[in-house]
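Descriptive analysis of the structure
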Amino acid sequence: MNEMYNMSIVTHYYGVIGILVVILINTVMLRRAVNIKDYKRQMSLFTPVGSTAIGGVLFTGIIMMAAKHLDFTVENIIMIVFSFIIIYLEVKRAKGLKYLNPNAENALENFKKYASNLLLGEVFLTLSISIWMLL
């Protein structure tokens, strides 16, 4: 049981690194976007990667919770809440892109500002819980 828990901690750590990499790639794709239609297509192909990264972290967290006999500590509860917030931010960003009018003036530039703020929030949440857990 201890080996499974230790492996889950390492896998969980790399999953969090994966989330940060996905956020970085999303930011680069957003900054390089010049056409709404092309950006929507890129995001439709890349969004499952981000969802898989988030799912991987949630899964390893569940494994660790099971290994600790569902011991709900303050840290675990905060990580669960932060996970829900990150998922909510991703849904907001995807919904904003879905309903983005390609014919509107400055639509892409306005969406870039909006999505950049959401991605910055995701980075802040991920780094803050990671730093807190390392201390």
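As shown above, the structure is provided for reference.
Residues numbered from 1 in each chain as written. Predicted model: local features only at pLDDT ≥ 70, side-chain atom pairs only at ≥ 80, totals over all residues. Heavy atoms only, no water.

This part takes up the side chain of Ser 116. Along the chain, the position of Ser 116 falls in helix H4 (residues 107-134). With a relative accessible area of 17%, Ser 116 lands in the buried category. (Helix = DSSP H or I, 4+ residues; strand = E, 2+ residues; numbered from the N terminus. Buried < 20%, exposed > 50% of the residue type's maximum accessible area, 1.4 Å probe, protein only.)

The terminal C-alpha atoms of helix H3 (residues 74-98) lie 36 Å apart, and with 25 residues this matches the ideal 36 Å at 1.5 Å per residue to within 8%. Among the residues of H3, those classed as buried are Asn 76, Ser 83, Ile 86, Leu 89, Glu 90, Arg 93 and Leu 97. (Expected span 1.5 Å × (residues − 1).)

Nonpolar side chains tend toward joint burial in soluble globular proteins. Counting 25 residues, the largest nonpolar core has Ile 19, Leu 30, Tyr 39, Leu 97, Leu 100 and Phe 111 as its most contacted members. Listing elements by their share of this core, those giving two or more residues are helix H1 (2-32), helix H2 (36-67), H3 and H4. (Core = buried A, V, L, I, M, F, W, Y, C linked by side-chain atoms within 4.5 Å.)

This part takes up H1. With 31 residues, H1 extends 45 Å from end C-alpha to end C-alpha; this agrees with the ideal 45 Å at 1.5 Å per step. Considered for burial, the residues of H1 that qualify are Ser 8, His 12, Gly 15, Val 16, Ile 19, Val 22, Ile 23, Asn 26, Met 29 and Leu 30. Residues of H1 that are buried in the fold lie against H2, H3 and H4. (Contact = heavy atoms within 4.5 Å.)

For the coordinates displayed, the defined rule picks out two salt bridges. In this structure, Glu 90 engages Arg 93 in a salt bridge whose closest nitrogen and oxygen atoms are separated by 2.9 Å. Pair noted here: Glu 90 and Arg 93 are both in helix H3, with a separation of three residues, about one helical turn. Each of the two residues, Glu 90 as well as Arg 93, counts as buried. Here Lys 112 makes a salt bridge to Glu 109, at a shortest N to O gap of 3.9 Å. Taken as a pair, Lys 112 and Glu 109 lie in helix H4 at a separation of three residues, close to a single helical turn. The buried category is assigned to Lys 112, whose relative accessible area is 14%. In this structure Glu 109 comes out as partly exposed when scored by relative accessible area, which is 42%. (Salt bridge = Lys/Arg side-chain N within 4 Å of Asp/Glu carboxyl O.)

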